[in-house]
Amino acid sequence: MTTINGFINAINDELNKNKEYLTELDGLIGDADHGINMARGFNAVVTKITDEDTDIGATLKKVGMTLISTVGGAAGPLYGTAFMKAGGASVGMTRLDSETVEKMISLALTGIKDRGKAMKGEKTMIDAIEPALEAVRVGIENGNSLIECLEMAIVAAEEGVEFTKSIRATKGRASYLGDRSIGHQDPGATSSLIILKAVTAHYKTKVLEV
Amino acid sequence: MVGIVIVSHSKKVAEGIKDLAMQMVGPEQKIICAGGMEDGGIGTDAVRICDAIQSADSGQGVVVLVDLGSAVISSNLALELLQENGIDTQVTLADAPILEGAISAAVQAFIGGSMKEVVEAAELAREVLKLL
Ligand SMILES: Nc1ncnc2c1ncn2[C@@H]1O[C@H](COP(=O)(O)OP(=O)(O)OP(=O)(O)O)[C@@H](O)[C@H]1O
Ligand SMILES: [Mg+2]
């Protein structure tokens, strides 16, 4: 059985595995704390959620509130807002379909953009999430399964992360570096990709189990 | 009196700014720090900012001074959380340098300035030249 707790734990595992990697990326263009921030946030999240939390929306709101007060960096209020908005699109639900997932990512992305006053092309997490959302939409239009949609989203997010290397940061700590931020990959876009991959991998193993 | 909140990534920075500003005003002026994380680490926390805003309010509103990056993002989120929880404190973020802005704001608040006057005083600190 897939529980939302299982997904959250899968995200936590992957972020902890990539803690040093994300921190190194942030060290090159920021204040070298992104991996530490994300791991601290999700380590706090997993202590607050159990298999008893079955309402996906309510659980994601709890995840968001916890991230807000434990992550510390810009990723805290941004991912916090994203999870709360995604939760708003899935209140009362215990399973998800492609349309709901599309709505969740869409509201999360709008939340991040409003909160951080940023858009695509500024070398942030938005550069991974927006292409992922567009890929999910294409998948739905083509009648693909949820797994196929998520796999398409991963490919698009990977391209988005790659794209962040080619551009200058105009938001966040990396913007202090100006042109010297070019050539480096954005840590927040990278953590978004890691989260998307963790969710997809977890979903695949669970679906195959049934 | 209008209350003041200092939001910094660092607990020490917020407290240091408060110390400097308190020298200019009487002990009844409310200046509340929201510096760093609950555990003392570097960072910003919207929930701590909400609490600080509520402690700073004595009915005439609160002006928030911020340092960089996520201090702004977390403070804006804090305003939204207050609103969602039905707390109708009048709050404004001042677009000002945090140290000079806090000192100007504190003086203006202490002499009985309105919210608008306190915000203006803080924001005027942006234009004050130091080397002239
Ligand atoms: N305004 C913004 N909009 C969208 N994403 C942002 C914004 N600012 C930063 N980010 C994302 O956050 C990531 C950095 O997260 P991290 O947790 O390291 O915060 P930080 O930059 O250290 O925060 P702080 O502002 O407190 O210094 C960046 O790589 C970027 O993807
Ligand atoms: Mg950082």
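Residues numbered from 1 in each chain as written. Chains lettered and ligands numbered in written order. Predicted model: local features only at pLDDT ≥ 70, side-chain atom pairs only at ≥ 80, totals over all residues. Heavy atoms only, no water.

## Topic: the overall build of chain A
Here is the rule: Per the convention used, a helix needs a DSSP run of H or I reaching at least four residues, while a strand needs a run of E reaching at least two, with both numbered from the N terminus. Between the two quantities, the radius of gyration covers C-alpha atoms and the globule rule is 2.2 Å times the number of residues to the power 0.38. To sort residues, take the accessible area from a 1.4 Å probe on protein chains only and compare it with the maximum for the residue type: under 20% means buried, over 50% means exposed, and anything in between is partly exposed. Two residues form a contact once any of their heavy atoms are found within 4.5 Å. The Shrake-Rupley method, run with a 1.4 Å probe sphere, supplies the accessible areas, and residue values consider only the shown protein chains as cover. Residues counted as positive are Lys and Arg, residues counted as negative are Asp and Glu, and His and the chain ends are not counted. Note that the charge is assigned to NZ on lysines, CZ on arginines, CG on aspartates and CD on glutamates.
Scanning chain A for helices and strands turns up nine helices and zero strands. Each helix and strand of chain A, placed in order from N terminus to C terminus, yields the pattern α-α-α-α-α-α-α-α-α. A compact globule built from 210 residues should have a C-alpha radius of gyration of about 17 Å, and chain A, at 16 Å, falls within 12% of that. With the C-alpha coordinates of chain A rotated into their principal frame, the extents come out at 50 × 40 × 30 Å. Looking at the 210 residues of chain A, the share that counts as buried comes to 55%. Counted over contacts in chain A with a minimum sequence separation of 6, partners at least 24 positions apart contribute 67%. Within the structure as shown, chain A displays about 9200 Å² of accessible surface, and the carbon and sulfur contribution to it stands at 55%. Of the side-chain charges in chain A, 23 are positive and 28 negative, and the distance between the mean point of each set is 6 Å.

## Side note on the overall build of chain B
The helix and strand inventory of chain B stands at five helices and four strands. Here the C-alpha radius of gyration of chain B, 13 Å, is about what a compact globule of 132 residues would show, namely 14 Å. Its C-alpha atoms give chain B principal-axis dimensions of roughly 40 × 30 × 25 Å. The burial tally for chain B puts 48% of its 132 residues in the buried class.

## Observations concerning the coordination of the magnesium ion (ligand 2)
Under perfect tetrahedral coordination by four donors, a metal shows angles of 109.5 degrees; under perfect octahedral coordination by six donors, it shows angles of 90 or 180 degrees. Basically, it comes down to this: Any nitrogen, oxygen or sulfur atom within 2.8 Å of a metal ion counts as a donor, with the limit raised to 3.2 Å for Na, K and Ca, and since water is left out, coordination shells can look unfinished.
Distances from the magnesium ion (ligand 2) to its protein donors, Asp-26 of chain A (OD), Asp-31 of chain A (OD) and Asp-33 of chain A (OD), fall within 2.0 to 2.2 Å. Mapped onto the sequence, the donors of the magnesium ion (ligand 2) take the spacing D-x4-D-x1-D.

## With respect to helix H2 (residues 46-56) of chain B
We count it as follows: Relevant arc is that of directions from the helix axis to the C-beta atoms, nothing else. We define a polar contact as two N or O atoms separated by no more than 3.5 Å, with the added condition that, inside protein, one atom must be a possible hydrogen donor and the other a possible acceptor, whereas residues neighbouring each other in sequence contribute only through side-chain atom pairs.
Turning to H2 of chain B, its buried residues are Ala-46, Ile-49, Cys-50, Ala-52, Ile-53 and Ala-56 of chain B. Summarising the axial view, the buried residues of H2 of chain B lie within an arc of 165 degrees, below the 170-degree limit, and thus occupy one face. Buried-residue contacts for H2 of chain B involve helix H4 (56-70) of chain A together with strand S1 (3-8), strand S2 (31-35), strand S3 (62-66), helix H3 (70-84) and strand S4 (91-93) of chain B. Backbone nitrogen of Val-47 of chain B and a side-chain oxygen of the N-cap are separated by 2.8 Å at the start of H2 of chain B; the cap is Asp-45 of chain B.

## What to know about the interface of chain A and chain B
Where we set the bar: Buried area is understood as the total, over both parts, of accessible area removed when two parts are fitted together, assessed with a 1.4 Å probe. The term salt bridge refers to a side-chain nitrogen of Lys or Arg lying within 4 Å of a carboxyl oxygen of Asp or Glu.
At the junction of the two partners, chain A supplies 18 residues and chain B supplies 16 residues. Summing both sides of the interface, chain A and chain B together bury roughly 1300 Å²; the carbon and sulfur share of this comes to 60%. Considering only the surface of chain A that becomes buried against chain B, Ile-68, Gly-72 and Arg-115 of chain A emerge as the three largest contributors, covering 37% of it. At the junction of chain A and chain B, the tally comes to one salt bridge. A salt bridge links Arg-115 of chain A to Glu-80 of chain B; the shortest N-O distance between them is 2.9 Å. Along the contact surface separating chain A from chain B lie two residue pairs in polar contact (both at pLDDT 80 or more). Residue assignment for the side of chain A that touches chain B shows that the elements contributing at least two residues are H4, helix H5 (75-88) and helix H6 (98-116) of chain A.

## A word on unusual backbone geometry
All names here are of chain A. Positive phi, normally seen in glycine, also occurs at Lys-117, with a value near 50 degrees. Mapped onto the fold, Lys-117 is located in the loop between H6 and helix H7 (126-141). Positive phi, close to 65 degrees, is recorded for Lys-123, a residue that is not glycine. Relative to the assigned elements, Lys-123 resides in the loop between H6 and H7. Relative accessible area serves as the criterion here: at 1%, Lys-123 is assigned to the buried category.

## Quick look at the packing of helix H1 (residues 11-22) of chain B against helix H4 (residues 98-110) of chain B
Residue and element names in this part refer to chain B. The criterion, for reference: In this analysis, axes come from line fits to C-alpha atoms, helices being fitted only over the stretch in contact, and the angle between any two N-to-C directions falls in the range 0 to 180 degrees. By definition, any crossing whose near helix is turned counterclockwise from its far helix by less than a right angle is left-handed, and any crossing with a clockwise turn is right-handed. Each residue gets one label: Ala, Val, Leu, Ile, Met, Phe, Trp, Tyr, Cys and Pro are nonpolar, Asp, Glu, Lys and Arg are charged, and the others, such as Gly, are polar.
Where H1 contacts H4, the axes come no closer than 9 Å and their chain directions differ by 35 degrees. The hand of the H1/H4 crossing is right-handed. Here Ile-17, Leu-20 and Ala-21 of H1 lie close against H4, whose contacting residues are Ile-98, Leu-99, Ala-102, Ile-103 and Ala-106. Grouping the constituent residues of the contact of H1 with H4 by class yields eight nonpolar, no polar and no charged.

## Quick look at the side chain of Gln-29 of chain B
Residue and element names in this part refer to chain B. Structurally, Gln-29 can be placed in the loop between H1 and S2. Taking the relative accessible area as the measure of exposure, Gln-29 reaches 3% and is therefore buried. Other than its neighbours up to four places away in sequence, Gln-29 contacts Met-1, Val-2, Gly-3, Ile-4, Met-22, Ala-106, Ala-109 and Phe-110.

## Some thoughts on the site of ligand 1
To keep it simple, the criterion reads: One heavy atom within 4 Å of a molecule or strand is enough for the residue carrying it to be called near that molecule or strand.
Among the 24 residues in the neighbourhood of ligand 1, the closest are listed as Ala-74, Arg-173 and Asp-186 of chain A together with His-9 and Ser-70 of chain B. Chains contributing residues near ligand 1 are chains A and B. Contact distances for ligand 1 include 2.9 Å between an oxygen atom and a side-chain N or O atom of Asp-31 of chain A. Contacts to ligand 1 include Ala-74 of chain A, whose backbone N or O atom sits 2.8 Å from an oxygen atom. Secondary-structure elements contributing two or more residues to the shell around ligand 1 are helix H3 (34-48), H5 and helix H9 (187-209) of chain A together with H3 of chain B. For the shell around ligand 1, a count of residues per class yields eight nonpolar, 10 polar and six charged.

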